[in-house]
Amino acid sequence: MKEFIEYILRYGNLNKQQIDLITSKAKEIELIKDDYFAEAGKVLKQVGFIIDGILRICYYNNKGEEITKIFIEENHLLFNLNNAPSTEYIQAATDCKLLVFSNKSWKEISDTIIDWEYIIQKITNKSLAQKLERVSPLVSQDATTRYLEFMEKYPTLVNRIPLSYIASYLGITQQSLSRIRKNIR
């Protein structure tokens, strides 16, 4: 919980009663690697904050191939802005620990804390900017360049998640990724 409160306080001020309210509405959950936080076709019924671990957002293309779109690390918030069914999966790429709030509890926090929407808007704007920077590289780049950019954007992920997820994100086979990694060592 401490991580979440510190995170929120970067974007706005809260008093002790507000922090106590937030604390009372949250619960900690664990996801085992490959568990889903959200599934395509379903509405996300909770807001999550990653305390430890890495999640990935993925989908299946029209050939049935799994495509990793983005990775989400610690200290990031997950929520459904438009309350519509998701078109993607949010899956644990590693074992994860999350703080979760039901949508009802999140609304109660929003209705009670005057600046809450403003704080969340600031977080959302920053997250969208980061997402645009990190979105999977264009296929016009060669695979080695894409991998080097991946390592630059996600320096802590390379040794924490399966190579199959990285290959999926880069749009290459796992064998190609292994060759690239061998050649740049």
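Details of the structure are given in the entry above.
In what follows, the accompanying structure is described.

Thresholds applied
Residues numbered from 1 in each chain as written. Predicted model: local features only at pLDDT ≥ 70, side-chain atom pairs only at ≥ 80, totals over all residues. Heavy atoms only, no water. Helix = DSSP H or I, 4+ residues; strand = E, 2+ residues; numbered from the N terminus. Rg over C-alpha atoms; globule rule 2.2 N^0.38 Å. Buried < 20%, exposed > 50% of the residue type's maximum accessible area, 1.4 Å probe, protein only. Contact = heavy atoms within 4.5 Å. Areas by Shrake-Rupley, 256 points an atom, 1.4 Å probe, with all protein chains shown as cover. Pairing = 2+ DSSP bridges. Salt bridge = Lys/Arg side-chain N within 4 Å of Asp/Glu carboxyl O. Axes fitted to C-alpha atoms, helices over the stretch in contact; angles between N-to-C directions. 1 Å grid on protein atoms, 1.4 Å probe; cavity = no way out; pocket = protein on both sides within 12 Å on 5 of 7 lines; lining within 4 Å. Points joined across faces, edges and corners; volume = space filled by probe spheres on them. Nonpolar A, V, L, I, M, F, W, Y, C, P; charged D, E, K, R; others polar. Parallel < 35°, antiparallel > 145°, perpendicular 65-115°, else oblique.

### Quick look at the overall build of the protein
And then number 1: Within the protein one finds seven helices and eight strands.
And then number 2: Taken over the C-alpha trace, the protein has a radius of gyration of 18 Å; the compact-globule value for 185 residues is 16 Å, and the two agree within 12%.
And then number 3: In terms of principal-axis extent, the alpha carbons of the protein reach across some 55 × 30 × 30 Å.
And then number 4: Here the protein holds 185 residues, and 41% of them are scored as buried.
And then number 5: Counting only contacts in the protein whose residues sit at least 6 apart along the sequence, the fraction spanning at least 24 positions is 73%.
And then number 6: Put simply, the protein shows about 10,400 Å² of open surface, and 51% of that area lies on carbon and sulfur atoms.

### What to know about the pairing of strand β7 (residues 89-92)
And then number 1: A two-sided burial pattern is seen for β7, the buried positions comprising Y89 and Q91 on one face and I90 and A92 on the other.
And then number 2: Examined bridge by bridge, strand β2 (residues 36-38) and β7 share two bridges and lie antiparallel to one another. Residue pairing across strands places Y36 opposite Q91, the latter belonging to β7.
And then number 3: Note that strand β4 (residues 55-60) and β7 share four bridges and pair antiparallel. Paired with R56 across the bridge in β7 is Q91.

### Considering the pattern of salt bridges
And then number 1: Taken as a whole and assessed by the stated rule, the structure comprises 11 salt bridges.
And then number 2: D20 serves as the salt-bridge partner of K16, at 2.9 Å between the closest nitrogen and oxygen. Here the residue K16 and the residue D20 both occupy positions in helix α2 (residues 16-25), the gap between them amounting to four residues, near one helical turn.
And then number 3: Here D20 falls in the partly exposed class, since its relative accessible area comes to 38%.
And then number 4: Taking the shortest distance from any N to any O, the salt bridge between K42 and E39 comes out at 3.8 Å.

### Considering the sheet that holds strand β6 (residues 77-78)
Pairing between the strands of a sheet is mediated by backbone hydrogen bonds and can be parallel or antiparallel.
And then number 1: If you trace the four strands from one edge of the open sheet to the other, you get β1-β8-β3-β6, paired in antiparallel fashion. Each of the sheet's edge strands pairs with one partner strand only, and the pair in question is β1 (27-31) and β6.
And then number 2: Of the strands in this sheet, β3 (46-52), β6 and β8 (96-102) touch helix α1 (residues 2-9), which is tilted by about 105 degrees from β3.

### Quick look at the sheet that holds β2
And then number 1: Judged by pairing direction, the sheet is antiparallel, and its four strands sit side by side in the order β2-β7-β4-β5 without closing on themselves. The strands lining the two open edges of the sheet, one partner per strand, are β2 and β5 (66-72). Shown here is a sheet whose adjacent strand axes are inclined to one another by a mean of 35 degrees, direction ignored.
And then number 2: Docked against the sheet, helix α6 (residues 163-170) engages β4, β5 and β7, running at close to 105 degrees with respect to β5.

### Re the layout of surface pockets
And then number 1: As a volume, the largest pocket reaches approximately 750 Å³.
And then number 2: Lining the largest pocket are 26 residues, with I57, L77, L78, F79 and K131 sitting closest to its centre.
And then number 3: Counting residues per element, the ones that place at least two in the lining of the largest pocket are β5, β6 and α4 (116-134).
And then number 4: Considering every element that reaches the lining of the largest pocket, the biggest residue donor is α4, with seven residues.
And then number 5: Grouping the constituent residues of the lining of the largest pocket by class yields 15 nonpolar, eight polar and three charged.

### Concerning the packing of helix α5 (residues 143-153) against helix α7 (residues 174-184)
And then number 1: Contact geometry for α5 and α7: axes closest at 10 Å, N-to-C directions at 75 degrees. On the basis of their axis angle, the class for α5 and α7 is roughly perpendicular. Only L177, I180, R181 and I184 of α7 make contact with α5, whose side of the interface consists of A143, T144, Y147, L148 and M151.

Interpretation in functional terms is not warranted from these geometric data alone.
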